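Read off the chains here:
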Amino acid sequence: MGWRYKAGLFLIGTVVVIWVTSAEVTQDIFTAYKQPFAVTYLGASLMIVYLPVAFLKDWLCRYLERRGSSRTNDVSSVVDVGSPLRHKVIEMGLQGTITKKDSEEDFSSHEEDVRPLMGRGETQTLRHGKEIITTKQIVLYGLYLAPIWFVTEYLSNAALARTSVASTTVLSSTSGLFTLFIGALLGQDTLNLSKVVAVFVSMAGVVMTTLGKTWAADDSQLNSSLNGQRSLVGDLFGLLSAVSYGLFTVLLKKFAGEEGEGVDVQKLFGYIGLFTLVALWWLVWPLTALGIEPKFTIPHSAKLDEVVLANGFVGSVLSDYFWALSVVWTTPLVATLGMSLTIPLAMVADMMIHGRHYSAIYILGSTQVFAGFVIANISDLFSKKLGL
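Residues numbered from 1 in each chain as written. Predicted model: local features only at pLDDT ≥ 70, side-chain atom pairs only at ≥ 80, totals over all residues. Heavy atoms only, no water.

Concerning the overall build of the protein
In step 1: Of regular secondary structure, the protein possesses 18 helices and four strands.
In step 2: In the protein, which comprises 388 residues, the proportion classed as buried is 48%.
In step 3: The contacts of the protein with a sequence gap of at least 6 include a subset with a gap of at least 24, amounting to 86%.
In step 4: Surface exposure of the protein reaches about 19,500 Å², of which carbon and sulfur atoms provide 68%. (Helix = DSSP H or I, 4+ residues; strand = E, 2+ residues; numbered from the N terminus. Buried < 20%, exposed > 50% of the residue type's maximum accessible area, 1.4 Å probe, protein only. Contact = heavy atoms within 4.5 Å. Areas by Shrake-Rupley, 256 points an atom, 1.4 Å probe, with all protein chains shown as cover.)

Considerations on the packing of helix α1 (residues 3–32) against helix α14 (residues 302–329)
In step 1: Closest axis-to-axis distance for the α1/α14 pair is 8 Å, and the angle between their directions is 155 degrees. Classed by the angle they form, the pair α1 and α14 counts as roughly antiparallel. Where α1 crosses over α14, the two elements pack in a sense that is left-handed. (Axes fitted to C-alpha atoms, helices over the stretch in contact; angles between N-to-C directions. Parallel < 35°, antiparallel > 145°, perpendicular 65-115°, else oblique. Left-handed = near helix turned anticlockwise from the far one by under 90°.)

Some remarks on the nonpolar core
Proteins that are soluble and globular tend to have nonpolar side chains buried together.
In step 1: Counting residues in hydrophobic clusters, the biggest one holds 51 residues, and the most contacted among them are Phe-248, Leu-252, Leu-268, Phe-269, Ile-272, Trp-323 and Met-339.
In step 2: The element that contributes the greatest number of residues to this core is α14, accounting for eight residues.
In step 3: With residues near it in sequence (within four places) discarded, Phe-248 still touches Leu-145, Ile-148, Trp-149, Phe-269, Ile-272 and Trp-323.
In step 4: Membership of the second largest hydrophobic core comes to twelve residues, among which are Phe-150, Tyr-154, Leu-155 and Val-284. (Core = buried A, V, L, I, M, F, W, Y, C linked by side-chain atoms within 4.5 Å.)

With respect to a nonpolar patch on the surface
In step 1: The grouping of Val-49, Leu-309, Phe-313, Val-314 and Leu-318 at the surface amounts to a nonpolar patch, some 360 Å² of accessible area in total.
In step 2: Position of Leu-318 relative to the elements: it lies in helix α14. (Patch = residues over 30% accessible without salt bridge, like charges linked within 9 Å, V, L, I, M, F, W, Y side chains within 5 Å. Salt bridge = Lys/Arg side-chain N within 4 Å of Asp/Glu carboxyl O.)

As for helix α9 (residues 193–211)
In step 1: Over its 19 residues, α9 runs 27 Å from end to end, which matches the ideal 27 Å to within 8%, given 1.5 Å per residue.
In step 2: Inspection of α9 places Ser-194, Lys-195, Ala-198, Val-199, Ser-202, Met-203, Gly-205, Val-206, Met-208 and Thr-209 among the buried residues, and these make up the whole buried set. (Expected span 1.5 Å × (residues − 1).)

Digging into the side chain of Thr-40
In step 1: Note on placement: Thr-40 falls in helix α2 (residues 36–45).
In step 2: Looking at Thr-40, its side chain comes within polar contact range of the side chain of Asn-157, at 2.7 Å.
In step 3: Those residues in contact with Thr-40, other than ones at most four positions away along the chain, are Phe-150, Glu-153, Tyr-154 and Asn-157. (Polar contact = N/O pair within 3.5 Å; in protein donor to acceptor, adjacent residues only side chain to side chain.)

Focus: the confidence of the model for the protein
In step 1: On average, residues of the protein score 76 in pLDDT, and 74% of them are at 70 or above.
In step 2: Segment residues 96–130: pLDDT under 50, and 67 contacts once partners within four positions in sequence are set aside and those in other chains are kept.
In step 3: Confidence over residues 224–230 falls short of pLDDT 50; this stretch has 14 contacts with residues more than four positions distant or in other chains. (pLDDT = per-residue confidence, 0-100.)

Points about helix α12 (residues 265–279)
In step 1: The first and last C-alpha atoms of α12 sit 21 Å apart over 15 residues, in line with the 21 Å expected at 1.5 Å per residue.
In step 2: Of all the 15 residues making up α12, eleven are buried; the element is thus mostly covered by neighbouring parts of the structure.
In step 3: Of all the positions in α12, only Val-265, Gln-266, Lys-267, Leu-268, Phe-269, Gly-270, Tyr-271, Ile-272, Gly-273, Phe-275 and Thr-276 are classed as buried.
In step 4: Of the residues that open α12, the one with a side-chain oxygen 3.0 Å from the backbone nitrogen of Gln-266 is Asp-264.

Considerations on the environment of Thr-249
In step 1: Here Thr-249 is to be found in helix α11 (residues 232–256).
In step 2: For Thr-249, a relative accessible area of 0% corresponds to the buried category.
In step 3: For Thr-249 and Pro-332, which are 83 residues apart along the polypeptide, the C-alpha to C-alpha distance reads 5.7 Å.
In step 4: Beyond its immediate sequence surroundings of up to four residues, Thr-249 is in contact with Trp-323, Val-327, Pro-332 and Thr-336.

Regarding the side chain of Gln-266
In step 1: With respect to the helices, strands and loops of the structure, Gln-266 is situated in helix α12.
In step 2: For Gln-266, the side chain forms a polar contact with the side chain of Lys-57, separated by 3.2 Å.

What to know about the packing of aromatic side chains
In step 1: One pass over the full model with this rule turns up 16 aromatic pairs.
In step 2: Summarising the aromatic geometry, the rings of Phe-248 and Trp-323 are spaced 5.6 Å apart at their centres and angled 25 degrees between planes, so their arrangement reads as stacked. Here Trp-323 lies in helix α14 and Phe-248 lies in helix α11, a separation of 75 residues in the sequence. The pair Phe-248 / Trp-323 is uniform in exposure class, with both members buried. (Phe/Tyr/Trp six-rings, centres within 6.5 Å; stacked < 30°, edge-to-face > 60°.)

Re the pattern of salt bridges
In step 1: Counting across every chain of the model gives two salt bridges.
In step 2: One salt bridge connects Lys-57 with Asp-264, and the closest N-O pair in it is separated by 3.4 Å. Placement of the pair is Lys-57 in helix α3 (residues 50–77) and Asp-264 in the loop between α11 and α12, with a sequence separation of 207 residues. Asp-264 matches Lys-57 in its accessibility class, with the two residues each being buried.
In step 3: Across the salt bridge formed by Asp-58 and Lys-267, the nearest N and O atoms sit 2.7 Å from each other. In this pair, Asp-58 sits in helix α3 while Lys-267 sits in helix α12, placing the two residues 209 residues apart along the sequence. Each member of the pair, Asp-58 together with Lys-267, is buried.

Written as structure tokens, this is what we have:
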């Protein structure tokens, strides 16, 4: 288990905390500003901020490279052609070339370590196996993934507008099942008994939390704030969000390659934000015409504007990038099942905020969700020991 995998697990924990907090904030926003499309569009479009950051980083890398090469040229130019010092400089240069060739593998391995966070400019050539990933291909990947990611985020927010945070969290956690089978179908993951067990243990935990009883002193207030819309439509949106989430996760890993050496994730998410901003705004019209989305309005107060904007930056821009790195640095299945940890965290948050109580079956189900996450992490070890 390398440092990237461990860092990916840490990022999963960080994203779980951010997502639960953001879901609570989003539902509070919907009590005063029930516009799932506007919240989704803003959050996804804000990811465009990664583009100037990525290009500034590329410019800085090129500048440092040019400055380093110019210093070498300056040293050579101040030495006479026939002087002994000139011959010494040439000799040192030849030795440096030999040393560079000898240590080429070390430098290439170091580059692989930083590639998920560093680009190579407009002529970027990141290796994905034997394939060269250019900036044009990253743009195409962003174009492919932008609508899938937007649909995932919109369905999740639409579910939050119609159901509780707990219901949406539970339904979203079923994405582990879809991630496993979509990954196997696209050749991005392999099926073995331990992985199947991990998924179904987690799914059994999801079912148990759904069947388990919860109660709180402010239930009547919560139900009135939701306007009685614990509806089948909200549950359906939550389930469809889990399907599209599984598809996006597998495709992200497929494009990024093993441990993310295939693509600059920062630029990829920047282009997803760009295409969302430019190409997906018109979807508000058919959604409104079909009655899925209410008539578009803007927030009525500056305070609400600030909350929506801050939630977009933290709950979408920052957390989604962390989540993408966790997918790239671990596996789609581990990252997806890791997101199931939002269930027990949401349970603890409700206990602290609303004084909510839970039945034994609900607590046992949350424990099983965590058990599925652990089994997925050690599935390879189980496979080797048991010969599965």
